[in-house]
Amino acid sequence: MKKLKMLVLVVAITFSSAMSASTNPIEKAKPETVTETISELLKDPGIQFDTELSAMVEFTINKDNEIVVLSVSTQSKALESFIKHRLNYKKVAQEAVGTQKNFILPVKIKK
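Being a predicted model, the structure only gives us computed values, none of them experimental.

A.B. asks: Is there a simple way to think about the overall build of the protein in this case?
C.D. replies: Regarding its fold elements, the protein presents four helices and three strands. Put simply, the protein runs from its N terminus to its C terminus through helices and strands in the order α-α-β-β-α-α-β. Counting over 111 residues, the protein shows a buried share of 27%. Across the protein, the fraction of contacts at a sequence separation of at least 24, relative to all contacts at a separation of at least 6, is 65%. Taken as a whole, the protein presents about 8,600 Å² of accessible surface, with 57% of it coming from carbon and sulfur.

A.B. asks: Would you explain the confidence of the model for the protein in this entry?
C.D. replies: Note that predicted coordinates carrying low pLDDT should not be read in detail. Scored by pLDDT, the protein comes out at a mean of 80, with 78% of its residues at no less than 70. Per-element mean pLDDT across the protein ranges from 68 in helix H1 (residues 2-21) up to 93 in strand S2 (residues 67-73).

A.B. asks: Help me out: how do you make sense of the sheet that holds S2 in this one?
C.D. replies: Strands belonging to one sheet form pairs held by backbone hydrogen bonds; the direction of such a pair is parallel or antiparallel. If you walk across this open sheet you meet the three strands as S2-S1-S3, and the pairing is antiparallel. Each of the sheet's edge strands pairs with one partner strand only, and the pair in question is S2 and strand S3 (102-109). Strand after strand, the sheet turns through a mean of 30° between neighbouring axes, direction not considered. With eight bridges connecting them, strand S1 (residues 53-61) and S3 associate as antiparallel partners. If you follow Phe59 over to S3, its bridge partner there is Phe103. Along the sheet, helix H2 (residues 34-41) contacts S1, S2 and S3; its crossing angle with S3, the most-contacted strand, is approximately 40°.

A.B. asks: Mind showing me how you'd approach the pattern of salt bridges here?
C.D. replies: As a working rule, side chains carrying opposite charge can pair if their charged atoms are close by. Going through the model one piece at a time under the given rule, you end up with three salt bridges. Residue Glu80 is joined to Lys77 by a salt bridge in which the shortest nitrogen-to-oxygen separation is 3.8 Å. Placement of both Glu80 and Lys77 in helix H3 (residues 77-87) is noted, with a separation of three residues, approximately one turn of the helix. The class of Lys77 is exposed, set by a relative accessible area of 67%.

A.B. asks: Would you mind showing me how to read unusual backbone geometry here?
C.D. replies: Excluding glycine, residues mostly have negative phi values, and the peptide bonds linking residues are mostly trans. Notably, Asn65 is not glycine yet its phi reads approximately 60°, a positive angle. On the secondary structure map, Asn65 appears in the loop between S1 and S2.

A.B. asks: For this particular structure, what's the right way to read the nonpolar core?
C.D. replies: If you look at soluble globular proteins, the nonpolar side chains tend to sit buried side by side. One finds Ile38, Val57, Phe59, Ile67, Leu79, Ile83 and Leu87 to be the most contacted residues of the largest nonpolar core, which totals 22 residues. Elements supplying a minimum of two residues to this core: H2, S1, S2, H3 and S3. Among the elements that make up this core, the one with the highest residue count is S1 (five residues). Ignoring any residue separated from it by four or fewer positions in sequence, one finds Leu79 in contact with Phe49, Leu53, Ser54, Ala55, Thr74 and Ile109.

Cut-offs applied
- Each chain carries its own residue numbering, running from 1 in the direction its sequence is written.
- Restriction of local features to residues with pLDDT of at least 70 applies here, the model being predicted, together with a cutoff of 80 or more for giving and counting side-chain atom pairs; totals for whole chains, interfaces and linings are based on all residues.
- Side-chain figures throughout are based on the complete set of non-hydrogen atoms in the structure, without hydrogens or water.
- Elements are defined by DSSP. Helices are runs of H or I of four residues or more, strands are runs of E of two residues or more, and each kind is numbered from the N terminus.
- Accessibility here uses a 1.4 Å probe with only protein chains present; expressed as a share of the type maximum, an area under 20% marks a residue as buried, one over 50% as exposed, and anything in between as partly exposed.
- Contacts: residue pairs with any heavy atoms within 4.5 Å of one another.
- For accessible areas, the Shrake-Rupley method is used with a probe of radius 1.4 Å. Any residue's cover is judged against the shown protein chains and nothing else.
- Known as pLDDT, the predictor's per-residue confidence is scaled from 0 to 100.
- At least two DSSP bridges between two strands are needed for those strands to be called paired.
- Note on definitions: angles span 0 to 180 degrees between N-to-C directions of axes, and those axes are lines fitted to C-alpha atoms, for helices only across the stretch in contact.
- Any Lys or Arg side-chain nitrogen found within 4 Å of a carboxyl oxygen on Asp or Glu counts as a salt bridge.
- What makes a nonpolar core is a set of buried Ala, Val, Leu, Ile, Met, Phe, Trp, Tyr and Cys residues whose side-chain atoms join them at distances within 4.5 Å.

Structural data, given as structure tokens:
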């Protein structure tokens, strides 16, 4: 009787382990707004800034749903170059754009 209980226990543990391992992984949700998309693109700059920097970024979305940076107003040339490099011609989801095509977005980079 003890062997039968042990066998049932082993089968139950094996079955529950196999079922939990075969679940589908949760996919990362895509950003739903242009602001969230920009935030994702500007994460982890890879550049060390001595102080907190800010900029005003003016950009538009072209017919291919790509970001086109029109201007970056900031005191730091390094920040301007970083923003242009990270954002220019990156795709955004059609749902994120909506009807608006021109944007002005404040950006802050913390040290």
